[in-house]
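Observations on the model geometry
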Amino acid sequence: AQSATVFETVMAMTKAKGGAAAIADGSGKLLGVFTDGDFRRVMSAGDSGALRDVIEAHMTKSPMFVYEDAYAAELLKIFEKKRIDDLPVCDATGKVVGLVDIQDLPKMKVL
């Protein structure tokens, strides 16, 4: 949820062993994404109090995403063109159903 703190979001990412978190509203609609890179930028600013900030203040709003019926080859093109490592996955109504990491592509036998 966009009201979670940076610390709570990083802990959720750590628990999930992921490099990003898709941020959704109460109904599951995608609002943003927060990545390991975002976390490093927050911390490099030198404000240790930022861990208590709400994630909404530091997430990428209206991020790129793919629909759940996207082909792995489409994901690869997006990852390469946009130079990103993580993409939220949404259903047809815009609700988050997952997050795909570029490291998932070899498992899909795309790389």
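Above this text is the structure in question.
Residues numbered from 1 in each chain as written. Predicted model: local features only at pLDDT ≥ 70, side-chain atom pairs only at ≥ 80, totals over all residues. Heavy atoms only, no water.

**Description of the overall build of the protein**
A count of helices and strands for the protein gives 3 helices and 6 strands. Relative to the 2.2 N^0.38 estimate, which gives 13 Å for 111 residues, the radius of gyration of the protein is 14 Å and therefore close to what a compact globule would have. Projected onto its principal axes, the C-alpha coordinates of the protein cover approximately 40 × 30 × 25 Å. Of all 111 residues assigned to the protein, the portion counted as buried reaches 37%. For the protein, the share of sequence-separated contacts (at least 6 apart) that also reach a separation of at least 24 residues comes to 49%. A gap of 3 Å separates the mean positions of the 14 positive and 16 negative side-chain charges of the protein. (Helix = DSSP H or I, 4+ residues; strand = E, 2+ residues; numbered from the N terminus. Rg over C-alpha atoms; globule rule 2.2 N^0.38 Å. Buried < 20%, exposed > 50% of the residue type's maximum accessible area, 1.4 Å probe, protein only. Contact = heavy atoms within 4.5 Å. Lys, Arg positive; Asp, Glu negative; His and termini not counted. Charge placed at Lys NZ, Arg CZ, Asp CG, Glu CD.)

**Describing the packing of aromatic side chains**
Taken as a whole and judged by the stated rule, the model has 1 aromatic pair. Relative to Y67, the ring of F65 has its centre 5.2 Å away and its plane inclined at 80°; by these criteria the two rings are edge-to-face. By relative accessible area, F65 is classed as partly exposed at 32%. Y67 sits in the partly exposed class, given a relative accessible area of 43%. (Phe/Tyr/Trp six-rings, centres within 6.5 Å; stacked < 30°, edge-to-face > 60°.)

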